[in-house]
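Structural characterization, general
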Amino acid sequence: MARVLLLNPPSREICMRDYFCSKISKGSYCYHPVDLLILSGILSVRHEVQVLDAVVQRLKNERTFSLAKGYKPDVIVFLTGAVSFHGDGPFLKELKQATGARMVGLGDIFLEKPERVFELWPWLDAALLDFTTPDILDLVESANKISRNAVVRSPDGQLIRLPVVQTPGAWGTALPRHDMFSSLPYSFPFARKKRFATVLTNFGCPYSCTYCPTGSFLYKERPLGSIAEELDSLQALGISEIFFKDQSFGPGRERIAALCRELTGRKWPFGWTCFLRPEMADEKVVGLMAAAGCHTIIFGVESGEAEVRRLYGREYSDNILREAFAACRKFGVETVATFVMGLPGESTGSLDKTIALARELDCDYASFNIFVPAYGTALRKKLIDQGVVTDELAFMDSAVSKPYMSTALLPAEELWKMHRRAVWSFYGRPGFLIKRLLGAGSWGRMFRMWAEGWSVMSARRNA
Ligand code: SF4
């Protein structure tokens, strides 16, 4: 039996870098690192597991270091990402020297040319490319045992890139150890209860939006029986609020119906939030979801211009969007629209349309993000081939930082101004503010909404 430490390393910012995506929190919220959560279950079957999340516990380097060292781990599985790798490297190197543990990384920076991370970090032993399979057990037990879904450094220093094999059956059957995370102060702006759980029912995404890395993972669904068992375990822990972190809930209609059946008829109902493709959100589907406890749906609207959406793999009309948001209003489901601003080909004109659509859809919240050429995406590859971006390992953040790049039609400074304009134009409407605050339902939620809203609207400082 090995001692395994699941580590979310300390960070000056509240950064979230799970599921091969890293960004800085727009407010003070911080949700569960879902990959460490899933691995906690798989690893606990055969090993002694500890969780140390320095981000949510706001632990500084010294304190995290001392706690991590005190666990005397044989293996440390840690998160990293484009938003934090510069700071993570020195900390993790020292931890390796102090503990002698095998170091296994997870994060977006391993999705493209992982060899350059291994070169930068000579102390790194392996990178895991799928956190839902039992492969981690082989990796922990012997670096020579693992045969897929990882990059490993062999004892003689050679880098071995094992094949990525993602099949429907390859899902670790052990239930995530929610008990190890439930006492930590995670928060999520759309959760209606302070205590909530994050659950995955699938991995990857069957769609292929070219700016998103998830579409390049082979899509697989988790067996329904295992999801039902996890819901039972959450009820046993007294948790009744869920964030389904699936990149797209369902995503087919039959699977949505099957998941909703699992959620209804329980000891007490769950309240939940999920991401959903707008094409799926007709009245039948939204009605089913609302009856199963769904109170908030997050839709990736992305751009106010249909042609821009089409260019990047999102082929739905403005009318489909209008119908989806109207269906949610009909069933009392709150909506969040997410937007990506600054995709290549966008101009100030198309961003004006985005701002107008955000207001017209009458969503309850809007999340305006700035395009970054994320690692492992088809669009990034195209931009590198065109010489628009370099393939360097660099800091990138789509949430609160100033734009990573300019495009032919949109200088970075102009994009940043449009982004601020979008936030103020959406959240600064007096009628909207009054409606949101009055609709909060409780003083606690109203206060949290006010605090989060102010963080989102305040300009940030990163270059
Ligand atoms: S639907 Fe969402 S998760 Fe799937 S590829 Fe598109 S942006 Fe990525």
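Just so you know, these numbers come straight off a predicted model, no measurement behind them. (Residues numbered from 1 in each chain as written. Predicted model: local features only at pLDDT ≥ 70, side-chain atom pairs only at ≥ 80, totals over all residues.)

Here we have 7 strands laid out as an open sheet, ordered S4-S1-S5-S6-S7-S8-S9, and mixed in their pairing. Each edge of the sheet is formed by a strand with only one pairing partner; in this case those strands are strand S4 (48–53) and strand S9 (159–161). Here the strands of the sheet are splayed against their neighbours by 20° on average, with no regard to which way each runs. Pairing of strand S5 (residues 75–79) with strand S6 (residues 102–106) involves 5 bridges; the strand directions are parallel. Among the inter-strand pairings, Val75 is bridged to a residue of S6, identified as Arg102. (Pairing = 2+ DSSP bridges. Helix = DSSP H or I, 4+ residues; strand = E, 2+ residues; numbered from the N terminus. Axes fitted to C-alpha atoms, helices over the stretch in contact; angles between N-to-C directions.)

Here we come to helix H3 (residues 85–99). For an α-helix, 3.6 residues make a turn, and residues three or four places apart therefore share a direction. The terminal C-alpha atoms of H3, which comprises 15 residues, lie 20 Å apart, in line with the 21 Å expected from a rise of 1.5 Å per residue. Among the residues making up H3, those that are buried are Phe85, Asp88, Phe91, Leu92, Leu95 and Thr99. Angular distribution of buried residues about the axis of H3 spans 130°; they occupy a single face of the element. Along H3, exposed side chains directed more than 90 degrees from the buried face belong to Pro90 and Gln97. (Expected span 1.5 Å × (residues − 1). Buried ≥ 20, exposed ≤ 12 C-beta atoms within 10 Å, placed from the backbone. Arc of directions from axis to C-beta.)

A few words now on the site of the ligand. The ligand sits among Cys205, Tyr207, Ser208, Cys209, Cys212, Thr214, Gly215, Gln247, Ser248, Arg277 and Gly300. Residues belonging to the shell around the ligand are distributed by class as follows: 4 nonpolar, 6 polar and 1 charged. (Near = placed C-beta within 6 Å. Nonpolar A, V, L, I, M, F, W, Y, C, P; charged D, E, K, R; others polar.)

Val77, Leu128, Met341 and Ala358 are the most contacted members of the largest nonpolar core, which totals 136 residues. When residues in this core are grouped by element, the largest group, 7 residues, is from helix H1 (residues 34–44). The residue makeup of this core includes at least three contributed by each of domain 1 (3–161) and domain 2 (188–457). Apart from the residues within four sequence positions on either side, Leu128 is in contact with Val104, Leu106, Ile136, Leu139, Asn149 and Ala150. (Core = buried A, V, L, I, M, F, W, Y, C linked by C-beta atoms within 7 Å. Domains from an automatic or database assignment. Contact = placed C-beta atoms within 7 Å.)

Taken in spatial order, the 6 strands make up an open sheet running S10-S13-S14-S15-S16-S17, and their pairing is parallel. Every interior strand has two partners, whereas the edge strands, strand S10 (197–199) and strand S17 (365–370), have only one. Across this sheet, the average inter-strand angle for adjacent strands is 20°, counted without regard to direction. For S10 and strand S13 (residues 241–244), the ladder comprises 3 bridges, and the chain directions are parallel. By the bridge assignment, Thr198 is partnered in S13 with Phe243. Each of strand S15 (294–302), strand S16 (334–341) and S17 is contacted by helix H12 (residues 348–360), which is oriented at about 175° to S16, the strand it contacts most.

What follows covers unusual backbone geometry. With an omega of -5°, the peptide bond running from Gly250 to Pro251 counts as cis. Here Pro251 is to be found in the loop between S13 and helix H8 (253–263). Positive phi, normally seen in glycine, also occurs at Glu302, with a value near 75°. Here Glu302 lies in strand S15. Judged by the 25 C-beta atoms lying within 10 Å of it, Glu302 is buried.

So, on to the packing of H8 against helix H9 (residues 283–291). As a packed pair, H8 and H9 sit with axes 9 Å apart at the nearest point and diverge in direction by 20°. Between H8 and H9, the angle is such that the two are roughly parallel. Crossing of H8 over H9 shows left-handed handedness. Of the residues in H9, those in contact with Arg253, Ile256, Ala257 and Cys260 of H8 are Val285, Leu288 and Met289. Class assignment for the residues of the contact of H8 with H9 results in 6 nonpolar, no polar and 1 charged. (Parallel < 35°, antiparallel > 145°, perpendicular 65-115°, else oblique. Left-handed = near helix turned anticlockwise from the far one by under 90°.)

What follows concerns the domain arrangement of the protein. Along its sequence, the protein is carved into domain 1 (3–161) and domain 2 (188–457). A straight line from the C-alpha centre of domain 1 to that of domain 2 covers 26 Å. Those elements giving two or more residues to the side of domain 1 that touches domain 2 turn out to be strand S3 (23–24) and H1. With 3 residues, the single largest contributor to the side of domain 1 that touches domain 2 is H1. Residues that form the side of domain 1 that touches domain 2 fall into these classes: 13 nonpolar, 5 polar and 5 charged.

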